[in-house]
Amino acid sequence: MRVAMFGYQTWGHRTLQALIDAGHDVALVVTHPKSNHAYERIWADSVADLAEANGIRVLLRNRPDDAELLAELKAADLDLIVANNWRTWLPPEIFELPRHGTLNIHDSLLPAYAGFSPLIWALINGEPEVGVTAHMMDGELDAGDIVLQRAIPVGPADTTTDLFHRTVDLIAPLTAEAISKIETGYTPVPQDRSKASFFHKRARRDSLIDWTLPPADLERFVRALSDPYPNAYTHHRGEELRILKASVSQGHYGGTPGRIFIKEGDGVVIVAGPEARRGQSPGLVVERVRTADGTELPAHEYFKTMGGYLTDRP
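Under the annotation held in an unreviewed UniProt entry, the chain carries the name Methionyl-tRNA formyltransferase and is attributed to Amycolatopsis lexingtonensis. Looking at the chain in UniProt, the text filed under Sequence similarities (unreviewed entry) is "Belongs to the Fmt family."

Below, the structure is given as structure tokens:
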């Protein structure tokens, strides 16, 4: 097929590599300029570099709304546009332009977790599986008919980093199979919009720990914000403290959420949960931390004495 590719970061890089490896005629690649946003500096394999190394014309755009881009796409006489991790809406004059329309690759099991950072949000929410969806683009973001989906289970110790590596490996085979279906004919599956959810781009505030949440939720929150993502953080004695590893306590502990209470196992228990005052629920065992200066150490070495609080502000 003669295709153009819209994409960014490692997701877009894997998609472009899949198109090249499958022997498709890639006429044009459109990608975003490099960004300083915290979530765009990681998994940042360059789509532009891969395209240029393969002699493919590259256009850098923040938004696809200029006459030059539209003219180039029209001149390319495209069978298909393939998109993955394109960060802004594509207008109908672009996604409807190719003979077969536009195929979008999204790293969630649509219709759930449309939008941004789906793996992080899914792990925070305790989803039993995550995956990748190939769907045809329409006028609503991540809402078009599904061509193909692949899922993987979420294990009890998985981090978002683990899930990223497993889902990104699905991109190449999913892209190749979806395009093959489009070429040979397939039955599109409409998304059940009653089950749709849409998530915003994450910001620093979204990594702040709320100690009134149940400890099991907080344990997943810590795993969801694993390196190299911005970690879950709190404040202690006026300084930011990142929580790198945690578990739900064996014992039940009561008091005020955020209280640095007692050692348990290899960590230190922080009182947590909406019913913490009743003393009938576990706490969160913090096992490993990173201080504001970047020092990483076991929690029992950082919390040399018990008492005091972890708070939501300095």
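S.K.: Tell me about the layout of surface pockets, and please be specific about residues and values.
M.R.: Sizing a probe to match a water molecule and rolling it over the atoms shows the empty space that remains. In this structure, the largest pocket encloses a volume near 530 Å³. Lining the largest pocket are 31 residues, with Asn-85, Arg-87, His-106, Gly-115 and Phe-116 sitting closest to its centre. Elements supplying a minimum of two residues to the lining of the largest pocket: α1 (9–21), β4 (80–84), β5 (102–106), α5 (118–124) and α6 (160–168). Along the lines of polarity and charge, the residues of the lining of the largest pocket split into 16 nonpolar, 10 polar and 5 charged.

S.K.: Requested: an account of the sheet that holds strand β2 (residues 25–31), with residues and values cited.
M.R.: The 7 strands lie next to each other as β3-β2-β1-β4-β5-β7-β8, forming an open sheet whose pairing is mixed. The outermost strands of the open sheet, each flanked by one partner alone, are β3 (58–60) and β8 (146–153). When strand polarity is set aside, the average angle formed by the axes of neighbouring strands in this sheet is 15°. Two elements, β5 and strand β7 (residues 129–136), share 4 bridges in a ladder whose sense is antiparallel. The residue of β7 that forms the bridge with Asn-104 is His-135. Packing against the sheet, α1 makes contact with β1 (2–7), β2 and β4, and its axis sits at approximately 170° to β1.

S.K.: How would you summarise the nonpolar core if you had to cite specific residues and measurements?
M.R.: Leu-16, Leu-80, Leu-103, Trp-211 and Val-286 are the most contacted members of the largest nonpolar core, which has 69 residues in total. Ranked by residues supplied to this core, first place goes to α5 with 6 residues.

S.K.: Could you give me a rundown of the UniProt feature "domain: Formyl transferase C-terminal" (unreviewed entry) in the chain, with the residues and numbers involved?
M.R.: Per the UniProt record, "domain: Formyl transferase C-terminal" (unreviewed entry) is annotated on residues 205–305. Helix makes up 14% of residues 205–305 and strand 41%. Its end C-alpha atoms lie 28 Å apart.

S.K.: Break down the pairing of strand β10 (residues 232–236) for me, with residues and values.
M.R.: Along any regular strand, the residues point their side chains to alternate faces of the sheet. Counting buried positions over the 5 residues of β10 gives 5, a clear majority of the element. The two faces of β10 match: Ala-232, Thr-234 and His-236 on one face and Tyr-233 and His-235 on the other face are all buried. For β10 and strand β11 (residues 239–252), the ladder comprises 5 bridges, and the chain directions are antiparallel. By the bridge assignment for β11, His-236 is matched with Glu-239.

Calculation rules
- Residues numbered from 1 in each chain as written.
- Predicted model: local features only at pLDDT ≥ 70, side-chain atom pairs only at ≥ 80, totals over all residues.
- Heavy atoms only, no water.
- UniProt positions renumbered as here; feature names shortened; annotations may be inferred.
- 1 Å grid on protein atoms, 1.4 Å probe; cavity = no way out; pocket = protein on both sides within 12 Å on 5 of 7 lines; lining within 4 Å.
- Points joined across faces, edges and corners; volume = space filled by probe spheres on them.
- Helix = DSSP H or I, 4+ residues; strand = E, 2+ residues; numbered from the N terminus.
- Nonpolar A, V, L, I, M, F, W, Y, C, P; charged D, E, K, R; others polar.
- Pairing = 2+ DSSP bridges.
- Axes fitted to C-alpha atoms, helices over the stretch in contact; angles between N-to-C directions.
- Contact = heavy atoms within 4.5 Å.
- Core = buried A, V, L, I, M, F, W, Y, C linked by side-chain atoms within 4.5 Å.
- Buried < 20%, exposed > 50% of the residue type's maximum accessible area, 1.4 Å probe, protein only.

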